[in-house]
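# Commentary on secondary and tertiary structure
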Amino acid sequence: MAVTPKRGLIAVEWAMMAYVLFTTIFIMVTFSRLAHPWQMLAFRTGAVALTLALWMLYRRRPGRFTMLLRVAGQMVLLSWWYPDTYEMNRIFLNLDHVFAGWEQSLFGFQPALEFCQTYTHPIISELLSMGYVSYYPLFVGVAVFYYLYRYEQFGRTAFIIVGSFFLFYVVFIFLPVAGPQFYFRAVGTDQIAQGIFPNIGDYFNRIQFDVYNHDFILPIPGWKDGIMYKLLVVAHNAGERPTAAFPSSHVGVAVIVMWLAWEARNKKLFFTCLPFVVLLFFATFYIQAHYAIDAIAGLFFGTAFYFLLRWLYDRFFSQECRV
C-alpha cells in the first residue's frame, strides 16, 4: 500500500534541529568565553539551511533517492559537528588527570602507553589500524543495508545512528577529556610511566588548537609503512581535536551498528561487522586516542543510546513516511 510522503521534517532532521537549538543556547550563554562564537553560529545557520533545502527538494521530487539525500546530508554534517565540541568544552578545566588516575587504579598501568609498545608487529598494527579506519564504513554501511534491503526501517536506523552522535557530542561538551594522545604529550610520557598525572587546567584552551598540530599530539604508533596506517593518519589528521575521549564514540557507535545488524536478522551483515568492531575496540587505545576505560564505557553508552533512541523513534516518529 502506498504511503503519502511526509510533508515536514523527518526524525533524523529533528534530531539535528534539537542539537542546534541546544548548542545555540549554550553559545549565547557562554558567548564571551568562546573563541569563535560567530563562526559557530554561522555554521549552525548553514546546517539548518542545508536541511531545509534538502527538505524542499524532497517536496518537489518525493522518492527514495531524495530521502537518501536528506539522510546523507545529516551524516556528512557529523564531520563538522565533531570538532565543534572542542570549541565549547575548551572553556572548561581539563579532566584527563582524573581519568588517567582511574585508569591506573583499575589496571595498575596505562594500557594506551603499554599496549602499543608491547605489540609492535606490522600485522598487528595493520589489523588495528584497519579496525579504526573501518569506523565510518561501519555505520554508513549498515545504513546503506537498511536503505537497500529494509527500507521501511531506514528512517529509524538513520535516526538511531545520527541521534547517537548528537548524544555523544552533548556528553563531550560538558566532559572535557582529550585522551592520551594529547594529555600524555602535554605532561610528558615519562611522568605518565611513573604514575604521575598532573592537572593541566585550561591548557587546551590556552594553546589555541584550531588546526591539527603535531606539536600538541603524540605520533600515532604503528607500522608507518602500512597502507592501513597511512589511511589512519589521513583520517586522524583531517579533524582530530583535544576533545571527545570519554566515552569512546567510536566504540559506542560501533556497538550501535552491531545492535542494528542483529535487529536486521542478517547473519552475513552481523558477522561481517563483528571482527571490525572487535579490532576497533582495541585500536582506540592502541593508537592512544582513548584510555581503555573510554572504550569500555563506549560499550555501555552505545547500548544505552541505542535503546533510548529506538524508544524515542517508536514513541514519537512511528508514523513517519517510509516512501
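Residues numbered from 1 in each chain as written. Predicted model: local features only at pLDDT ≥ 70, side-chain atom pairs only at ≥ 80, totals over all residues. Heavy atoms only, no water.

If you tally the helices and strands in the chain, you get 15 helices and 0 strands. Residues counted as buried form 53% of the 323 residues belonging to the chain. Pairs at least 24 residues apart make up 83% of the contacts formed inside the chain by residues separated by at least 6 positions. Positive and negative side-chain charges in the chain, numbering 23 and 18 respectively, have mean positions lying 15 Å apart. (Helix = DSSP H or I, 4+ residues; strand = E, 2+ residues; numbered from the N terminus. Buried < 20%, exposed > 50% of the residue type's maximum accessible area, 1.4 Å probe, protein only. Contact = heavy atoms within 4.5 Å. Lys, Arg positive; Asp, Glu negative; His and termini not counted. Charge placed at Lys NZ, Arg CZ, Asp CG, Glu CD.)

Together, Leu-106, Phe-107, Phe-109, Ile-296, Leu-299 and Phe-300 give the surface a local cluster of nonpolar side chains, amounting to about 550 Å² of exposed area. For the nonpolar patch, the secondary-structure elements that each account for two or more residues are helix H4 (96-107) and helix H15 (292-316). No other element matches H15, which puts 3 residues into the nonpolar patch. Residue position: Ile-296 is located in helix H15. (Patch = residues over 30% accessible without salt bridge, like charges linked within 9 Å, V, L, I, M, F, W, Y side chains within 5 Å. Areas by Shrake-Rupley, 256 points an atom, 1.4 Å probe, with all protein chains shown as cover. Salt bridge = Lys/Arg side-chain N within 4 Å of Asp/Glu carboxyl O.)

What follows covers the pattern of salt bridges. Taken as a whole and assessed by the stated rule, the structure comprises 6 salt bridges. The partner of Glu-13 in a salt bridge is Arg-70, and the shortest N-O contact between them spans 2.6 Å. You can see Glu-13 sitting in helix H1 (residues 11-29) and its partner Arg-70 sitting in helix H3 (residues 64-89), a full 57 residues away along the chain. For the pair formed by Glu-13 and Arg-70, the shared burial category is buried.

The next point concerns the nonpolar core. Within the largest apolar cluster, 108 residues are counted, with the highest numbers of intra-cluster contacts made by Trp-81, Phe-166, Tyr-169 and Tyr-183. Per-element tally for this core: the top contributor is helix H8 (residues 154-174), with 12 residues. Excluding residues that lie within four positions of it along the chain, Tyr-169 makes contacts with Tyr-19, Leu-78, Trp-81, Tyr-82 and Thr-85. (Core = buried A, V, L, I, M, F, W, Y, C linked by side-chain atoms within 4.5 Å.)

Here H4 crosses H15 at 90°, and the two axes come no closer than 9 Å. Judged on the interaxial angle alone, H15 and H4 are roughly perpendicular. Across the interface between the two elements, Phe-99, Trp-102, Glu-103, Leu-106 and Phe-107 from H4 touch Ala-292, Ile-293, Asp-294 and Ile-296 from H15. Considered class by class, the residues forming the contact of H4 with H15 number 7 nonpolar, no polar and 2 charged. (Axes fitted to C-alpha atoms, helices over the stretch in contact; angles between N-to-C directions. Parallel < 35°, antiparallel > 145°, perpendicular 65-115°, else oblique. Nonpolar A, V, L, I, M, F, W, Y, C, P; charged D, E, K, R; others polar.)

Another point: helix H2 (residues 37-60). Taking 1.5 Å of rise per residue, 24 residues should cover 34 Å, and H2 covers 35 Å from first to last C-alpha, within 8% of that figure. Within H2, the full set of buried residues consists of Pro-37, Met-40, Leu-41, Arg-44, Ala-47, Thr-51, Leu-54 and Tyr-58. Of the surrounding elements, those touching the buried residues of H2 are H1 and H3. (Expected span 1.5 Å × (residues − 1).)

Moving on, we come to the layout of surface pockets. Estimated volume of the largest pocket: approximately 510 Å³. Lining the largest pocket are 29 residues, and of these Tyr-82, Tyr-135, Tyr-136, Glu-240 and His-250 sit closest to its centre. Looking at the lining of the largest pocket, the elements with two or more residues in it are H3, helix H6 (122-133), helix H7 (135-149), H8, helix H9 (180-187), helix H12 (227-239) and helix H13 (249-263). (1 Å grid on protein atoms, 1.4 Å probe; cavity = no way out; pocket = protein on both sides within 12 Å on 5 of 7 lines; lining within 4 Å. Points joined across faces, edges and corners; volume = space filled by probe spheres on them.)

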